[in-house]
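Chain by chain, the residues:
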Amino acid sequence: MSPVAKRTCSKLSPEALVVGVSRNILMPALKVANSLVRYKIGCPRPFFVSYQITFRCNRRCMFCDAWKLKNPKELDTDQAKKIVSELGDLGVGILGITGGEPLIRRDLEEIAAVARRKGVVVGVNTNGTLLTPKRAKSISSVFDTVFVSLDGFEETHDKIRGEEGTFRAALAGLKNLLAVKGDCVVGVNFVLNNVNYKEFIPFCNWIKNLGVFITGFPVGGEDDFVSAYSIPSDKVDGFVLDVLKEKQTNPFIGPSEKVIEYFPKFVKGEMPHICDAGRLYMGVSPIGDLRICPILPNSPDWKIGSLVTSSMAELLGTSRFQQVLEASKNCKSCLAGCTTPYSLLFRGSAPDLAKEAFTYYRVVRNGGDHALSFSDAEQLS
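K.L.:
Honestly, the sheet that holds strand E2 (residues 94–98) in this entry has me stumped. Any pointers?
P.N.:
Read from one edge of the open sheet, 9 strands run E6-E5-E4-E3-E2-E1-E7-E8-E9, paired in mixed fashion. The open sheet is flanked by strand E6 (213–218) and strand E9 (303–306), the only strands paired with a single partner. On average, each strand axis in the sheet is tilted by 25 degrees relative to the strand beside it, whichever way the strands run. As paired elements, strand E8 (residues 289–291) and E9 share 3 bridges and run antiparallel to each other. Looking at the pairing, aspartate 289 lines up with serine 306 of E9.

Rendered as structure tokens:
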């Protein structure tokens, strides 16, 4: 749910590139292969888990209400470390940490490090405003991917994120991260809505000069919520054609062509039910509840049980899991970055999987080879 100093981005040395490929591609590729086999033979196990580590946030985004909660509860450090350790033991390949604003938690790196030691690829989504030079260094040392939220240029981003100065703070955080990122893949997350969709392609052209990967998905949520902020239905077809054309020459645009082609169906309410909740992906709430899906509301209807008192393996063997899994087959169709791409990928062929891996590799490679200095890139905006 739920958001410049002059320098030249360092190029990856051959040694660093090998480390980056090993850390960011080969290990998850092996886990993908294992999960893909399990999925194809009909006994899947969650490959991706989204951990909403806190509801606390330092911004007031128009499409999120987490910041409205007063004194929200969350797990302590030891409880969180226990849970992510057990996820690794179960074979979870990717752990995505979200909020709220995850960097509000000072123990974030300590928790992520536990998952990394279990062979889990760990990513975090942040609004970027808390990425001081010191924090950027510690974050990049334990996370495989870090996505900073930027929803357009300054005026637009500040309007969407609810506070003047957010764009400059996020850009400063991105700069701090790029200065120390090593082989951590740095990206930008762009939440597409009716306020900013016209800026997406110009923004992609600007951000690629920093060697930064960008991913964008239409805002999602309850029906009235989507209709209030969605890309206009009479504009979405033309928008998608423009994005697909741009993607042919811009390797930094993240969603695959197959995913992007579903944008109009989602916006128009014609999205097919492409769902593997509980089979490929699940969610964990701030208080440690295991949820059937990363994006369904934090309601008792979608809760499997508590990971504080039971392990994920135990909860997946309960009748409650089967009950909620069956109910999820009737949920409203969605399109989200943490669900739909995994379903499409696992339902596709081996060549599809190879194509996605190669696309990701190009982003890692190009991020080192084609980045401009911040001062040069700023001139392009």
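K.L.:
Is there a simple way to explain the nonpolar core in this structure?
P.N.:
The nonpolar side chains of a soluble globular protein tend to be buried, and buried together. In terms of nonpolar packing, the biggest core is built from 99 residues, with Leu95, Phe143, Leu174 and Ile292 touching the most fellow members. Ignoring anything within four residues of it in the chain, the contact list for isoleucine 292 reads Ala277, Gly278, Tyr281, Met282, Trp302, Ile304, Phe321, Val324, Leu325 and Ser328.

K.L.:
Explain the packing of helix H4 (residues 133–142) against helix H6 (residues 166–180) here, please?
P.N.:
Relative placement of two packed helices is described by the angle separating their axes and the distance separating the axes. Two elements in contact, H4 and H6, have axes whose closest approach is 8 Å; the angle formed by their N-to-C orientations is 50 degrees. For the element pair H4 / H6, the angle class is oblique. Remark: the crossing between H4 and H6 carries right-handed chirality. On H6, the residues that touch Pro133, Ala136, Lys137 and Ser140 of H4 are Asn176, Leu177 and Val180. Broken down by class, the residue content of the contact of H4 with H6 amounts to 4 nonpolar, 2 polar and 1 charged.

K.L.:
Would you take a moment to explain the packing of aromatic side chains for this structure?
P.N.:
Inspection of every chain in the model, using the stated rule, returns 14 aromatic pairs. Seen from their ring centres, phenylalanine 47 and tyrosine 342 are 6.1 Å apart, and the 70 degrees between their planes marks the pair as edge-to-face. Of this pair, phenylalanine 47 sits in the loop between helix H1 (14–40) and strand E1 (48–52) while tyrosine 342 sits in helix H14 (residues 340–347), placing them 295 residues apart in sequence. Note on accessibility: phenylalanine 47 and tyrosine 342 belong to one class, buried. For the pair phenylalanine 217 and phenylalanine 263, a centre-to-centre distance of 5.9 Å together with 55 degrees between the ring planes defines the contact as tilted. You can see phenylalanine 217 sitting in strand E6 and its partner phenylalanine 263 sitting in helix H11 (residues 263–267), a full 46 residues away along the chain.

What counts, and where the lines are drawn
Residues numbered from 1 in each chain as written. Predicted model: local features only at pLDDT ≥ 70, side-chain atom pairs only at ≥ 80, totals over all residues. Heavy atoms only, no water. Pairing = 2+ DSSP bridges. Helix = DSSP H or I, 4+ residues; strand = E, 2+ residues; numbered from the N terminus. Axes fitted to C-alpha atoms, helices over the stretch in contact; angles between N-to-C directions. Core = buried A, V, L, I, M, F, W, Y, C linked by side-chain atoms within 4.5 Å. Buried < 20%, exposed > 50% of the residue type's maximum accessible area, 1.4 Å probe, protein only. Contact = heavy atoms within 4.5 Å. Parallel < 35°, antiparallel > 145°, perpendicular 65-115°, else oblique. Left-handed = near helix turned anticlockwise from the far one by under 90°. Nonpolar A, V, L, I, M, F, W, Y, C, P; charged D, E, K, R; others polar. Phe/Tyr/Trp six-rings, centres within 6.5 Å; stacked < 30°, edge-to-face > 60°.

Remember, this is a structural readout, not a statement about activity or role.
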